[in-house]
Amino acid sequence: MPAGQDDNDARYALSIIPDPDIALFRWSGPITLQDRKENVRRMMGFCKVHGVKRLIIDGREQESKTDMVDSYDFAKDVPQEMQGLAIAVVHRADDESLPFIVTVAFNRGSGTR
């Protein structure tokens, strides 16, 4: 099982990049609202265990299965759920879901960019 993986879900990888103060989360394939919620738990737990305060989320290989209403409901809670982390999100140019989530989270006080 790869470092940081607490289950048998091969769709994601979570690790510390060469800079030990930054964690990298990468998801491949379809992603649902439930997956996103579980990923918040995974990322927060990983960062807490490793003392990491900065996180890069690489969503370039994600295939969003979340509509805008669910994306909004998820994103509005991100600032509280991921409090204390500086987050950067990388996404494909044609992905509308991740930029929307980032914008909603940022407007609610998140350090997500």
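Given the structure is predicted, the values throughout are model-derived calculations rather than measurements.

The rules we used
Residues numbered from 1 in each chain as written. Predicted model: local features only at pLDDT ≥ 70, side-chain atom pairs only at ≥ 80, totals over all residues. Heavy atoms only, no water. Pairing = 2+ DSSP bridges. Helix = DSSP H or I, 4+ residues; strand = E, 2+ residues; numbered from the N terminus. Right-handed = clockwise from strand over helix to strand, strands pointing away. Phe/Tyr/Trp six-rings, centres within 6.5 Å; stacked < 30°, edge-to-face > 60°. Buried < 20%, exposed > 50% of the residue type's maximum accessible area, 1.4 Å probe, protein only. Contact = heavy atoms within 4.5 Å. Axes fitted to C-alpha atoms, helices over the stretch in contact; angles between N-to-C directions. Parallel < 35°, antiparallel > 145°, perpendicular 65-115°, else oblique. Left-handed = near helix turned anticlockwise from the far one by under 90°. Nonpolar A, V, L, I, M, F, W, Y, C, P; charged D, E, K, R; others polar.

Asker: Can you explain the pairing of strand S3 (residues 54-64)? Please cite residues and give values.
Answerer: As judged from the 9 bridges shared by strand S2 (residues 22-31) and S3, these two strands associate in the parallel manner. The residue bridging Ile22 from the neighbouring strand is Arg54, located in S3. Running through helix H1 (residues 33-50), the crossover from S2 to the neighbouring parallel element S3 is right-handed. Sheet topology note: the S3/strand S4 (residues 86-90) ladder contains 5 bridges and is parallel. Pairing of Leu55 across the sheet is with Ile87, part of S4.

Asker: Now, about the packing of aromatic side chains: what can you tell me, with residues and values included?
Answerer: Tallying each qualifying case throughout the model produces 2 aromatic pairs. Measuring from centroid to centroid gives 5.7 Å for Tyr12 and Phe25, while their planes differ by 25 degrees, and the two rings are stacked. Residue Tyr12 is found in strand S1 (residues 12-16), and its partner Phe25 is found in strand S2; the two are separated by 13 residues along the sequence. Given the relative accessible area of 2%, Tyr12 is considered buried. Judged by relative accessible area, Phe25 falls into the buried class, the value being 1%. Taking the centre distance of 6.4 Å and the plane angle of 10 degrees together, the rings of Tyr12 and Trp27 count as stacked.

Asker: Give a description of the side chain of Thr66 that names residues and reports values.
Answerer: In this structure, Thr66 sits in the loop between S3 and helix H2 (68-75). Here Thr66 is in contact with Ile31, Thr32, Leu33, Arg36 and Ser71, once residues within four sequence places are set aside.

Asker: Go over the packing of H2 against helix H4 (residues 97-107), please, and point to the residues and values.
Answerer: Close contact between H2 and H4 brings their axes to 8 Å; oriented N to C, the two are set at 40 degrees. With respect to their mutual orientation, H2 and H4 come out oblique. In the packing of H2 onto H4, the handedness of the crossing is right-handed. For the pair H2 and H4, contact is made by Met68, Ser71, Tyr72, Phe74 and Ala75 and by Ser97, Phe100, Ile101, Val104 and Ala105, respectively. Looking at side-chain class alone, the contact of H2 with H4 contains 8 nonpolar, 2 polar and no charged residues.

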